Amino acid sequence: MKRHNEIEGCSMNFITSFGKKLSIKRKIILLAMLSTLIPLLIVGTFSYFYMNKVIENKISETTTNLLSLIDWNINTFVNDIQSNGEILYASNDSQDFLKQKDLTKEAYVTQGETRDLLITISSNNPYINAVYLGNENNEYLQLSQGQSVYYGNIYEHIRGTAWFKEIMKKDLYGIWFQDDVTFIESSNLLTYGRPIKDLQTLDVIGMMIFSIDKAIFKDMFKDIEQDGEIFILDKGKMIYSNSEDQVKSSKMVERINALAGKKSEVVTINDEDYIVNFDVNKITNWKIVSIIPYKSIVKEFDFLRKVSVILLILTLLIATFSALLISNKITKQLSLLRNVIKNMRKREKLDNIDFDHEDEVGKIGHQFIHLYNRNNELLAELYESQLKEKEAELRTLQSHINPHFLYNTLNSIFWMAEKAKMKPIAKMAIHLANIFKLTLNDGEYITNVKNEIDQVKSYLDIQNIRYDNRIHYQINVDEDLFNERMIKLLLQPLVENAVYHGLEMTPGIWDIIINGKQEEHSLVFEVSDNGVGFNPDKVLKEKTGYAIRNINDRIRLQYGPGYGLTIHSEEGKGTTVCLRIGLEISEEKASAGA
């Protein structure tokens, strides 16, 4: 045993000593030969097992990703339909429409508003052929395509059908049908139905029905690239198939229904093997099936196996010759790279160092110099990128809002409430319109102090209506500061945070004091409340307080690290948040934020 250890030690010492004596050039040549020869010997032995494993992994990964993508698309589609159903369910117009029993002027107006709502839903969703809303007293059918199977009182025709009774049994998400429901004259429809309950009494007051063109699935999956076929089944019946061979599709459905719970299996149809994988959508219980011809997967791996063997042999021959050619070039570039690293450590300027741009090591050296000299530029670009990223969510939201429609709607509510002598509603509507107008700010990122103060006043006046004037607030800001520019949505989120997290849990009168002043080249605002208070260190440690952190990040990105929020709070004694921003905003930063 001792003799064996001595021999092993001598061998290791010889290899280490031999390696130290070799120059970099010879090491490169030796490495090129060994790195090619060793894989050639190993791959020849294990290639068969490896390729089989690759086939299994590819099948598993491909089908898993495909089924997940299809499932996600279906969830998106179903959620969209259910969201439209929620809009129709919760709409005051649809609720009033279904509860009407006499034809009055108000009823006529409600019918018009309900009709507009149904038109909006069908127009915004081109795959919806028809939307029905009704009960035994009132009903409306909005058709985008096709014609109704029923004439006259539709509700009386359908209330005796089996699928009508199934819809009425559902409570939360509704139910999906296909061939069972003949609501619109078409053989290519899906139907979604749901009962509608009175939001106050929870009694069923009617129902909604959406007729949806199955062509939505063709558009949904048109960009999915796959050699095989995709089926979507509901209770063993075909909802969608991208196969043009209907006979083969029917046989496939029979075999799929016979899998008895297995989610993956190889089936043979017409003497051809197929790999069948399926998953079940959790919302609709639809079965999503992927069918891939086995030969389409195996053929590419047979080709790769042959190519790999040929390439390994050629690589061994080329490696030795190539190593001789590149060793000289590499060693030269490595020496230059070493000098560059030394200069970078000394913080010296990198000039007059000429790397070979056609050489890999030379490219690395050139990139070192490039990165070193452009460090300040990259920092500036990073700052601007972060600023744009922080405002991306707000911009995306505002881009989807129709400001004129919402603003005009709020004003309409105001005048209707005034006419009905409902002062609190009128007051709340006009304050809400003002908040909305100041939040949008004509699409501008920069506002002024007066707009921020007006937005806070409108918000607090709304809350006072809600909480029966329990909020006493003071705003002490010099009017000379009203025209100073600042980024929008800084003060109102702080006041809202004070109301919901500090005051709602406090009985009695709630006090909020807002002070604003100028300190040298800064604007300083303080928002104080007499709420329950909190432990700032605990909040930061638990990573809560998203709104406060978001405001602080926006301020620092816009004005610099010397600005931001400071929180002074004590449990049971209230909270004071100090907000410090720059007095002036440069045009460059203002345009960057926009």
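Further up the page is the structure itself.
Below is a summary of the structure that appears in this document. Residue positions are given per chain, counting from 1 as you read along its sequence in written order. Since the coordinates come from a predicted model, pLDDT governs what is reported: local features require at least 70, and pairs of side-chain atoms require 80 or more to be given and counted, while whole-chain, interface and lining totals use all residues. Each side-chain value is worked out from all heavy atoms of the structure, with water and hydrogens disregarded.

## What about the overall build of the protein chain?
Right, on to step 1. Elements are defined by DSSP. Helices are runs of H or I of four residues or more, strands are runs of E of two residues or more, and each kind is numbered from the N terminus. Helix and strand content of the protein chain: 18 helices and 17 strands.
Right, on to step 2. To sort residues, take the accessible area from a 1.4 Å probe on protein chains only and compare it with the maximum for the residue type: under 20% means buried, over 50% means exposed, and anything in between is partly exposed. In the protein chain, which comprises 594 residues, the share counted as buried stands at 40%.
Right, on to step 3. Across the protein chain, the fraction of contacts at a sequence separation of at least 24, relative to all contacts at a separation of at least 6, is 62%.
Right, on to step 4. Carbon together with sulfur atoms contributes 55% to the accessible area of the protein chain, which is approximately 35600 Å² in total. Any two residues having at least one pair of non-hydrogen atoms within 4.5 Å are treated as being in contact. Computed with the Shrake-Rupley method and a 1.4 Å probe, the accessible areas treat only the protein chains shown as cover for residues.

## Thoughts on the sheet that holds strand β10 (residues 287–293)
For sheets, the rule is that strands pair by backbone hydrogen bonds, running either parallel or antiparallel.
Right, on to step 1. Read across the open sheet, the 5 strands follow the order β7-β6-β10-β9-β8; overall the sheet is antiparallel. The open sheet terminates on both sides in strands that have one partner only, identified here as β7 (237–241) and β8 (264–269). Each adjacent strand pair in this sheet contributes to an overall mean axis angle of 30°, direction not counted.
Right, on to step 2. Of the pairings in the sheet, the one linking β8 to strand β9 (residues 272–280) comprises 6 bridges and is antiparallel in character. Paired with Glu265 across the strands is Val276, a residue of β9. Here, any two strands with at least 2 DSSP bridges between them count as paired. To obtain each axis, a line is fitted to C-alpha atoms, and for helices this fit is confined to the stretch in contact; angles are then taken between N-to-C directions over 0 to 180 degrees.

## Points about the packing of aromatic side chains
Right, on to step 1. For Phe, Tyr and Trp, rings pair up if their centres lie within 6.5 Å, where Trp contributes its six-membered ring, and each pair is then called stacked (planes under 30 degrees apart), edge-to-face (over 60) or tilted (otherwise). With the rule as written, the count across this model stands at 12 aromatic pairs.
Right, on to step 2. Note on Phe77 and Trp176: the rings are 5.7 Å apart at their centroids and 45° apart in plane angle, and the pair reads as tilted. Here Phe77 is found in helix α2 (residues 24–90), whereas its partner Trp176 is found in strand β3 (residues 175–177), with 99 residues between them in sequence.
Right, on to step 3. The exposure class assigned to Phe77 is buried, which follows from its relative accessible area of 5%.
Right, on to step 4. Here the aromatic rings of Phe77 and Phe217 are separated by 5.7 Å at their centres, their planes lie at 70°, and the arrangement is edge-to-face. Here the residue Phe77 occupies a position in helix α2, and Phe217 occupies one in helix α7 (residues 215–220), the gap between them amounting to 140 residues. The burial state of Phe77 is the same as that of Phe217; both residues are buried.

## Notes on the side chain of Gln95
Right, on to step 1. Position of Gln95 among the secondary structure elements: in helix α3 (residues 92–99).
Right, on to step 2. Looking at Gln95, the relative accessible area reads 3%, which means it is buried.
Right, on to step 3. Polar side-chain contacts of Gln95 include one of 3.1 Å to the backbone oxygen of Tyr89.
Right, on to step 4. Discounting chain neighbours no more than four positions away, the residues touching Gln95 are Tyr89, Ile196, Lys197, Asp198, Leu199 and Ile205. Definition of a polar contact: a pair of N or O atoms within 3.5 Å, with one able to donate and the other able to accept a hydrogen when the atoms are protein atoms, and with sequence-neighbouring residues admitted only if both atoms are side-chain atoms.

## Here's the deal with the packing of α3 against helix α4 (residues 105–124)
Right, on to step 1. Across the interface, α3 lies against α4 with an axial gap of 9 Å and an inter-helix angle of 130°. In terms of orientation, α3 lies oblique with respect to α4. Of the two possible hands of crossing, α3 and α4 adopt the one that is left-handed. For the pair α3 and α4, contact is made by Asp93, Ser94, Asp96 and Phe97 and by Thr110, Gln111, Glu113 and Thr114, respectively.
Right, on to step 2. Only Asp, Glu, Lys and Arg are considered charged in this grouping, and only Ala, Val, Leu, Ile, Met, Phe, Trp, Tyr, Cys and Pro are considered nonpolar; every other residue, Gly among them, is considered polar. Here the contact of α3 with α4 is built from residues that sort into 1 nonpolar, 4 polar and 3 charged. Any angle from 65 to 115 degrees is called roughly perpendicular, while one under 35 is roughly parallel, one over 145 is roughly antiparallel, and all others are oblique. Rotating anticlockwise by less than a right angle from the far helix to the near helix defines a left-handed crossing, while the corresponding clockwise rotation defines a right-handed one.

## Side note on the packing of helix α13 (residues 423–440) against helix α14 (residues 449–466)
Right, on to step 1. Between α13 and α14, the shortest axis-to-axis distance is 9 Å and the interhelical angle comes to 150°. One element, α13, and the other, α14, form an angle in the roughly antiparallel class. Where α13 crosses over α14, the two elements pack in a sense that is left-handed. Residues Pro424, Lys427, Met428, His431, Leu432, Asn434, Ile435, Leu438 and Thr439 of α13 pack against Asn451, Asp454, Gln455, Ser458, Tyr459, Asp461, Ile462 and Ile465 of α14.

## Some thoughts on the side chain of Gln463
Right, on to step 1. Mapping Gln463 onto the fold places it in helix α14.
Right, on to step 2. Those residues within four positions of Gln463 in sequence are excluded, and the remaining contacts are Ile471, Val499 and Tyr500.

## Things to note about the sheet that holds strand β15 (residues 522–529)
Right, on to step 1. Strand order in the open sheet made by the 5 strands is β12-β14-β15-β17-β16, with mixed pairing throughout. Of all strands in the sheet, those bounded by a partner on one side alone are β12 (471–477) and β16 (564–570). The mean inter-strand angle of the sheet, taken between neighbouring strand axes irrespective of direction, is 10°.
Right, on to step 2. Relative to the sheet, α14 contacts β12, β14 (510–519) and β15, its axis offset from that of β12 by approximately 170°.

## With respect to unusual backbone geometry
Right, on to step 1. Phi is positive for Leu202, which is not a glycine, with a value near 65°.
Right, on to step 2. Judged by relative accessible area, which is 56%, Leu202 ranks as exposed.
Right, on to step 3. Positive phi, normally seen in glycine, also occurs at Asp468, with a value near 60°.
Right, on to step 4. Mapped onto the secondary structure, Asp468 falls in the loop between α14 and β12.
Right, on to step 5. By relative accessible area, which is 63% here, Asp468 ends up exposed.

## With respect to the pattern of salt bridges
Right, on to step 1. Whenever Lys or Arg places a side-chain nitrogen within 4 Å of a carboxyl oxygen from Asp or Glu, that contact is recorded as a salt bridge. For the coordinates displayed, the defined rule picks out 8 salt bridges.
Right, on to step 2. Glu86 is paired through a salt bridge with Arg194; the nearest N and O atoms lie 2.9 Å apart. One end of the pair, Glu86, is in helix α2; the other, Arg194, is in strand β4 (residues 189–197), with 108 residues separating them in the sequence.
Right, on to step 3. Among the salt bridges present, the one from Glu519 reaches Arg580, with a minimum N-O distance of 3.0 Å. Here Glu519, found in strand β14, pairs with Arg580, found in strand β17 (residues 574–582); they are 61 residues apart in sequence, far enough to count as distant.
Right, on to step 4. On the accessibility criterion, Arg580 (26% relative accessible area) is partly exposed.
Right, on to step 5. Put simply, Lys517, Glu519 and Arg580 are held in one network by salt bridges that share partners.

## As for the pairing of strand β5 (residues 204–213)
Right, on to step 1. The element β5 is largely enclosed, with a buried count of 9 among its 10 residues.
Right, on to step 2. Bridge count for strand β1 (residues 128–134) against β5 is 6 bridges, and the pairing is antiparallel. Residue pairing in the sheet places Ala130 in a bridge with Ser211 of β5.
Right, on to step 3. Where β4 meets β5, 9 bridges bridge the pair, whose relative direction is antiparallel. Paired with Gly193 across the bridge in β5 is Ile209.

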